[in-house]
Amino acid sequence: MKTFALLFCATLAGLAFPHHATAEDSGARVSFLEKDDATIEIRIGDDVLGIFNHGPTWKKPFLYPLNAANGTNVLRGIIPTKDQEGSSKAGSDHFHHKGVWASVDSVNDEKLNFWSEGERIRNDSVETTTAANGSGILVSHNTWLQGETPLLKETTTITFYPSRLITYRIELSAIDRDVTVFDTKEGFFAVRLAHTMRETEGGHIINADGATGEKDAWGRQSPWVDYYGDVGGATLGVTLMDHPGNFRKSRYHVRSYGLFAISPFGPETYSRGEEAASPVTIKPDGAPLKLTYGLYVHAGDTQAGNVKEAYEKFLQVTE
């Protein structure tokens, strides 16, 4: 694994959230351990935050598991294969819901489906480094393939903070032809939550405007959506965050059965036809498509987890 140097602004703020002790308070730092050619362990001090899976046996790179500060995985406990796929009630549905990932369907006129792994996102290389503020940076270089034909180059920079705030900066560049993403709800930056955290099991969904539940939060624009519930006897939560610098506001594909995603690609679908479809085309001779999202793992409900403060930190560190 290669290590590279990144320049960071000297004024980059620390992530010591108010109201409760954080990993920063104890001086914990993010580090990486290459377990083998296919997995990289992310640690905060001595604790495992998660594992980045990028080997050739997978059809896309993804983060799994993802642990809260008490060591509990906030993602569903299994990754079923396609042959093992079962019901959403059992939590064994949608084999392609793998941890934390980025993909989308309805690509080009052929409606290529990277979301359901009809096509492959190949990892080409991974680089890691650490920063003076205690964060760790993982850069994943990927290629989106139609069969064996490369369509897109992806560079995703994932920054892990000791507070368990994670930022994703995703850059997609067309290689030698136009690549269009049509209107779809199936995307883009996504997480599949723990079985017991789900709304169907008593979990809670709330957005920055106070809308609650799948019914009111699905398809809506919001700076953030928080999803929390019981996992192993503790209340734990995951927040997804949109960035105001993205080319358009994203909407949330947040479901009661545990899928939790954010995407800019489906204005017609998410608005149930109130807005017009607006396909996005990436041109090889044009600017790459850049998207920035945040993910935050916390203990307690939205208030106890200091989600509003975490969002403000997300904005600070992604300026």
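The rules behind each value
- Residues numbered from 1 in each chain as written.
- Predicted model: local features only at pLDDT ≥ 70, side-chain atom pairs only at ≥ 80, totals over all residues.
- Heavy atoms only, no water.
- Helix = DSSP H or I, 4+ residues; strand = E, 2+ residues; numbered from the N terminus.
- Rg over C-alpha atoms; globule rule 2.2 N^0.38 Å.
- Buried < 20%, exposed > 50% of the residue type's maximum accessible area, 1.4 Å probe, protein only.
- Areas by Shrake-Rupley, 256 points an atom, 1.4 Å probe, with all protein chains shown as cover.
- pLDDT = per-residue confidence, 0-100.
- Contact = heavy atoms within 4.5 Å.
- Pairing = 2+ DSSP bridges.
- Phe/Tyr/Trp six-rings, centres within 6.5 Å; stacked < 30°, edge-to-face > 60°.
- Polar contact = N/O pair within 3.5 Å; in protein donor to acceptor, adjacent residues only side chain to side chain.
- Arc of directions from axis to C-beta.
- Core = buried A, V, L, I, M, F, W, Y, C linked by side-chain atoms within 4.5 Å.
- Salt bridge = Lys/Arg side-chain N within 4 Å of Asp/Glu carboxyl O.

Before going further, it helps to examine the overall build of the chain. Tallying secondary structure elements over the chain gives 3 helices and 19 strands in all. Since a compact globule built from 319 residues should have a radius of gyration of about 20 Å, the 18 Å found for the chain is in line with a globular shape. Counting only C-alpha atoms and orienting by the principal axes, one finds that the chain spans roughly 50 × 45 × 40 Å. The burial tally for the chain puts 55% of its 319 residues in the buried class. In the form shown here, the chain has an accessible surface area of approximately 13,300 Å², with 49% of it arising from carbon and sulfur atoms.

Okay, the confidence of the model for the chain next. Per-residue pLDDT for the chain has a mean of 93; in total, 92% of the residues score no lower than 70. Here residues 1-21 is a poorly scored stretch, pLDDT under 50, and it has 46 contacts once near neighbours within four places are set aside; other chains count.

Of all 5 residues in strand 6 (residues 100-104), 5 are buried, a share of seventy percent or more. Burial along strand 6 is two-sided: Val100, Ala102 and Val104 facing one way and Trp101 and Ser103 facing the other are all buried. Strand direction decides the pairing type here: strand 6 and strand 12 (residues 187-192), joined by 5 bridges, are antiparallel. The residue bridging Ser103 from the neighbouring strand is Phe188, located in strand 12.

Before going further, it helps to spend a moment on the packing of aromatic side chains. Under the criterion given, the structure shown has 10 aromatic pairs. Note on Trp101 and Trp115: the rings are 5.4 Å apart at their centroids and 45° apart in plane angle, and the pair reads as tilted. Here the residue Trp101 occupies a position in strand 6, and Trp115 occupies one in the loop between strand 6 and strand 7 (120-130), the gap between them amounting to 14 residues. Note on accessibility: Trp101 and Trp115 belong to one class, buried.

Looking now at the side chain of Ser135. Residue position: Ser135 is located in the loop between strand 7 and strand 8 (136-146). Other than its neighbours up to four places away in sequence, Ser135 contacts Val30, Thr130, Thr159, Phe160, Tyr161 and Pro162.

Here the focus is the side chain of Asn246. Relative to the assigned elements, Asn246 resides in the loop between strand 15 (234-242) and strand 16 (251-254). A distance of 3.0 Å separates the side chain of Asn246 from the side chain of Asp242, its partner in a polar contact. Ignoring sequence-local partners within four residues, the contact set of Asn246 consists of Lys290, Leu291, Thr292 and Tyr293.

Where strand 2 (residues 30-34) and strand 3 (residues 39-44) come together, 5 bridges link them in antiparallel fashion. The residue of strand 3 that forms the bridge with Val30 is Ile44. Hairpin connection from strand 2 to strand 3: 4 residues lie between these consecutive antiparallel strands.

Let us now look at helix 3 (residues 307-317). Restricting attention to buried positions, one finds in helix 3 the residues Val307, Ala310, Tyr311, Lys313, Phe314 and Val317. All buried residues of helix 3 fall inside an arc of 160° around its axis, so they share one side. Structurally, helix 3 contributes buried residues whose contacts are with strand 10 (165-174), strand 14 (224-231), strand 15 and strand 19 (289-299).

Moving on: the nonpolar core. By size, the foremost hydrophobic cluster in this structure holds 68 residues, and its most contacted members are Leu66, Phe160, Phe188 and Phe260. Membership of the second largest hydrophobic core comes to 10 residues, among which are Met241, Val307, Ala310 and Tyr311.

We now examine the pattern of salt bridges. One pass over the full model with this rule turns up 14 salt bridges. The partner of Asp93 in a salt bridge is Arg192, with the nearest N and O atoms 2.9 Å apart. On the criterion of sequence distance, the pair formed by Asp93 in the loop between strand 5 (62-66) and strand 6 and Arg192 in strand 12 is long-range, its members being 99 residues apart. Across this residue pair, the class does not change: Asp93 and Arg192 are buried. With its nearest N and O atoms 3.1 Å apart, the salt bridge here joins Arg255 to Glu214. In this pair, Arg255 sits in the loop between strand 16 and strand 17 (259-263) while Glu214 sits in helix 1 (residues 213-217), placing the two residues 41 residues apart along the sequence. A residue is classified by how much of its surface remains accessible, and Glu214, at 19% relative accessible area, is buried. When salt bridges with common partners are traced through the structure, they connect Lys35, Glu41 and Arg43 into a single cluster.

Looking now at unusual backbone geometry. Note the cis peptide between Tyr64 and Pro65, where omega equals 0°. Along the chain, Pro65 falls in strand 5. With an omega of -5°, the peptide bond running from Gly187 to Phe188 counts as cis. Even without being a glycine, Arg164 presents a positive backbone phi close to 75°. One can find Arg164 in the loop between strand 9 (149-160) and strand 10. Using a relative accessible area of 6% as the deciding quantity, one classes Arg164 as buried.

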